[in-house]
Amino acid sequence: MEVKLAIENYLIRCGFELDSTPGFREYRCFFGQLDRAGIDPIKVVVLIYDWTLSSYPIIFLQEGERHYNSGNAHINFDRSLCYIAPGEVVLNSLYPESAIELCLTSASKLIARLDANDPSLLEDYRDEFYAYWLNDASIIYSYDNLSFSYYQLYFGTRRKKSLWLVPLGYDADHPLLKNVLHAEFSNAVGHAFVITVDQRWPIDTTSVLPGNLQEFLEWLRLNSPSKLKAFVELTADPVFWVSTIPVIIIKTPNHALAVTFMADPGSQGSVKIPKQKLHKWGGYRLYQTNNPLLDIPVKRCYVEDASKEIIHSRNCNPSFCDQNILVIGGGAIGSFLSDALAMVGAGSSGGSITIIDKEELEVGNLTRHTLGMRDLNTSKADSIKEKINREMPHVVVNSIAGDAQQNLYFDYDLIVDATGLEAFSRWLNKRHLEHLHRGGGTPVIYAWLEGEGMAWRSLLVDSVAGYACRECLYIHRENGDRELRFPHSDEPINYRHVGCKTIIPYAATAAMQAASLACEAAVDWYQGVDTPRFRGGQRSGRNHNVFVDHDLEQQDGCPSCSVT
């Protein structure tokens, strides 16, 4: 309430009037003028609905004020101003007066640029052009970067505003199309044709955005006259009009802009011409007066690239592509790890993720696993595969619902032991060292939890030349006993007995941390960074021994790696 009163009082002191219309409870409208940054005063409306200032106040130009073309950069269709890029400035609600003054000053500086016809506005307009182009809420997705010139257009049955572009002659078994398209979409209802433009669009900010076919012809002439002929000739092709929603996609260096022609004779506002005769009015007859096709309304939307390259582009540095990775264990660590590997690109661009696990999902697994109730009593490996295929269908995932000891081969680029089972890790360590001594080069990353999920560790073993193996993490006694060289603490473990099983309780967050640690080690390995080989972390607020990531050297007398 104090913030709200401070803002209201400040705007009133600045000459703004509060709209006293009844019903304005959660938000307030203030009418006044911008007069900062040396501009001629201009009347605006300031709308504030978020009094935490997490969202910027909305500033509108009042009707009747000096005209700016609707295509101007930073002016939306409703005459609101984009005066601060979202996320660029954090408004401090502890100093509300300064925060509001910052908004008024930023908006004034934008008006000054518009009044001066600042040439840099064209670059802003081009960079964000799709935001000004849109007049329809539909989103068209493409599973590639529009390398084809002719597409089938599929219309969503579940999300009515979602469409997908599919190249002609597509592979029906393609993971994306098989698991996303065919599962959710009906038959193709349109065709999409691509026109590639080399120059950046638009060439200026003065031309009115097209609302019908005639205006689109003029828009195309002004911005890319060399492509006008190609489009005109396309409208004379019966194939263009055969579908309910013909689409032209303008592929520029910055954007993929789509124009849909609502030419269905049965739709409201369409041209009343039999569909089979529409093409006869196309071609150069479009320049004849009273051509009925010129009045066809168009909707402007854009194509969003949903290719694997774009999906992984926010990963910063991977993608972890073209590698065949084996994940042993589909339990708590293995399920989160498989998801993480898929998200950083593993299994794409010729690579694959293979998951081995012989167990089925049980009730006790549900609170620390990526699978849920629908997967009870199913193979963990198979269900993880199905989940990733469903959520990231461009990733190639294989599953082996069997014993890893009977299905282990070293013909992978990387193996990750996510079982967390000490006995299995000892067996794998021995087999892996034999592989390395024979000249093999497949590295293994071990990932596990210690105690009741109080610490998590990972170890990369990729060589027998001086670095530790999994067995080097223990101190070996003459009587065969062994103990950890780097225990996280001396707290006892509270084992729990469930039926004939002994389990160690731990939170799902611990498994997530172990999976994250192993994934980071895998990404570093992929990028050629193999150090530090021994990594770890621990829960805060608990007593634990100090641990520092490091390259652990081979232990003298290790019963495994010292044997050649």
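Structure: see above.
Residues numbered from 1 in each chain as written. Predicted model: local features only at pLDDT ≥ 70, side-chain atom pairs only at ≥ 80, totals over all residues. Heavy atoms only, no water.

A.B. asks: Which residues make up the overall build of the protein chain, and what values go with them?
C.D. replies: When its secondary structure is counted, the protein chain shows 13 helices and 22 strands. The C-alpha atoms of the protein chain give a radius of gyration of 31 Å, which is well past the 24 Å a tight globule of 564 residues would have. Its C-alpha atoms give the protein chain principal-axis dimensions of about 100 × 65 × 45 Å. The buried share of the protein chain, taken over its 564 residues, is 48%. If you sum the accessible surface of the protein chain, you get close to 27,700 Å²; carbon and sulfur atoms cover 50% of it. (Helix = DSSP H or I, 4+ residues; strand = E, 2+ residues; numbered from the N terminus. Rg over C-alpha atoms; globule rule 2.2 N^0.38 Å. Buried < 20%, exposed > 50% of the residue type's maximum accessible area, 1.4 Å probe, protein only. Areas by Shrake-Rupley, 256 points an atom, 1.4 Å probe, with all protein chains shown as cover.)

A.B. asks: Give me the nonpolar core: which residues, what numbers.
C.D. replies: Formed by 63 residues in total, the largest nonpolar core has its most connected members in Leu 81, Tyr 83, Phe 231, Ile 248, Ile 250 and Phe 261. At 8 residues, the largest contribution of residues to this core is made by helix α2 (residues 96-115). Beyond its immediate sequence surroundings of up to four residues, Phe 261 is in contact with Leu 213, Phe 216, Phe 231, Phe 240, Thr 244, Ile 245, Pro 246, Ile 248, Ile 296, Pro 297 and Val 298. One finds Leu 337, Ile 353, Val 416 and Ala 418 within the second-largest nonpolar core, a separate group that totals 41 residues. (Core = buried A, V, L, I, M, F, W, Y, C linked by side-chain atoms within 4.5 Å. Contact = heavy atoms within 4.5 Å.)

A.B. asks: Explain the side chain of Thr 260 to me, and be specific about the residues and the numbers.
C.D. replies: Residue placement: Thr 260 occurs in strand β10 (residues 256-261). Thr 260 gets classed as buried once you look at its relative accessible area, which sits at 8%. The contacts of Thr 260, once residues within four sequence positions are left out, are Ile 245, Pro 246, Val 247, Pro 297, Val 298, Lys 299 and Cys 301.

A.B. asks: Outline the sheet that holds strand β2 (residues 28-34), listing residues and values.
C.D. replies: The strands that make up a sheet are held in pairs by hydrogen bonds between backbone atoms, and each pair lies either parallel or antiparallel. One open sheet accounts for 4 strands, arranged β1-β2-β3-β4; its pairing is antiparallel. The open sheet terminates on both sides in strands that have one partner only, identified here as β1 (17-18) and β4 (58-61). Relative to strand β3 (residues 42-48), β2 is paired through 7 bridges, and the arrangement is antiparallel. Its bridge partner lying in β3, Leu 34 is registered against Ile 42. Against the sheet, helix α1 (residues 2-13) makes contact with β2 and β3, and its axis sits at roughly 35 degrees relative to β2, the strand it touches most. (Pairing = 2+ DSSP bridges. Axes fitted to C-alpha atoms, helices over the stretch in contact; angles between N-to-C directions.)

A.B. asks: Please give an account of the pairing of strand β7 (residues 162-167) that cites residues and values.
C.D. replies: By the criterion of burial, β7 is predominantly enclosed, with 6 of the 6 residues buried. Burial along β7 is two-sided: the residues Ser 162, Trp 164 and Val 166 and Leu 163, Leu 165 and Pro 167 are all buried. Taken together, the 4 bridges between strand β5 (residues 139-142) and β7 define a ladder with parallel strand orientation. From the neighbouring strand, Ser 142 faces β7, where its bridge partner is Leu 165.

A.B. asks: Provide a residue-level description of the packing of helix α6 (residues 213-223) against helix α7 (residues 225-234), including the pertinent values.
C.D. replies: At a minimum axis separation of 6 Å, α6 and α7 run at an interaxial angle of 145 degrees. Residues Leu 213, Phe 216, Leu 217, Leu 220, Arg 221, Leu 222 and Asn 223 of α6 touch α7, and the partners they reach there are Pro 225, Lys 227, Leu 228, Phe 231 and Val 232. Across the contact of α6 with α7, the residue classes tally to 9 nonpolar, 1 polar and 2 charged. (Nonpolar A, V, L, I, M, F, W, Y, C, P; charged D, E, K, R; others polar.)

A.B. asks: Please set out the sheet that holds strand β17 (residues 455-461) residue by residue, giving values where relevant.
C.D. replies: Pairing within the open sheet is mixed, and its 7 strands lie in the order β14-β13-β12-β15-β16-β17-β22. With partners counted over all chains shown, the strands left at the sheet margins are β14 (397-400) and β22 (534-538), one partner each. Direction aside, the axes of adjacent strands within the sheet are offset by 15 degrees on average. With 4 bridges joining them, strand β12 (residues 324-328) and strand β15 (residues 414-417) adopt parallel strand pairing. Across the sheet, Val 327 pairs through a bridge with Val 416, a residue of β15. Across the sheet, helix α11 (residues 380-391) touches β13 (352-356) and β14, and the angle it forms with β14 is around 170 degrees. The strands touched by helix α13 (residues 508-526) within the sheet are β15, β16 (444-450), β17 and β22, with β16 carrying the most contacts at an inclination of about 160 degrees.

A.B. asks: Describe in detail the pattern of salt bridges, supporting the description with residues and values.
C.D. replies: Enumeration according to the criterion identifies 24 salt bridges in this entry. Among the salt bridges present, the one from Arg 36 reaches Asp 35, with a minimum N-O distance of 3.1 Å. For Asp 35, a relative accessible area of 38% corresponds to the partly exposed category. Of the charged contacts in the structure, one is a salt bridge between Arg 113 and Asp 118, with a shortest N-O distance of 3.1 Å. For Asp 118, a relative accessible area of 24% translates into the label partly exposed. Three or more residues joined by partner-sharing salt bridges are found here, namely Glu 123, Arg 126, Asp 127 and Arg 200. (Salt bridge = Lys/Arg side-chain N within 4 Å of Asp/Glu carboxyl O.)

A.B. asks: For the packing of aromatic side chains, give the residues involved together with the corresponding values.
C.D. replies: Scanning the model with the defined rule gives 22 aromatic pairs in all. Summarising the aromatic geometry, the rings of Tyr 130 and Tyr 302 are spaced 5.2 Å apart at their centres and angled 50 degrees between planes, so their arrangement reads as tilted. Taken together, the residues Tyr 130 in helix α4 (residues 129-133) and Tyr 302 in strand β11 (residues 298-305) connect sequence positions 172 residues apart. Judged by its relative accessible area of 36%, Tyr 130 falls in the partly exposed class. With a relative accessible area of 17%, Tyr 302 lands in the buried category. One aromatic cluster in this structure is built from Tyr 150, Phe 193, Phe 216, Phe 231, Phe 240, Trp 241 and Phe 261. (Phe/Tyr/Trp six-rings, centres within 6.5 Å; stacked < 30°, edge-to-face > 60°.)

A.B. asks: For the pairing of β11, give the residues involved together with the corresponding values.
C.D. replies: Looking along a regular strand, one sees the side chains alternate between the two faces of the sheet. Here β5 runs beside β11; their pairing, made up of 4 bridges, is parallel. Note on β11: the bridge partner recorded for Tyr 141 is Glu 304. Two elements, β10 and β11, share 5 bridges in a ladder whose sense is antiparallel. Within the sheet, the bridge partner assigned to Phe 261 lies in β11 and is Val 298.

A.B. asks: Residue-level account of unusual backbone geometry, with values.
C.D. replies: Pro 202 follows Trp 201 through a cis peptide bond whose omega is -15 degrees. By the secondary structure assignment, Pro 202 is in the loop between β8 (185-196) and α6. Here Thr 531 and Pro 532 are connected by a cis peptide whose omega angle stands at 0 degrees. Here Arg 79, not a glycine, exhibits a phi torsion of approximately 70 degrees, which is positive. Checked against the element boundaries, Arg 79 lands in the loop between β4 and α2. Even without a glycine there, the phi angle at Asn 290 is positive, about 65 degrees.

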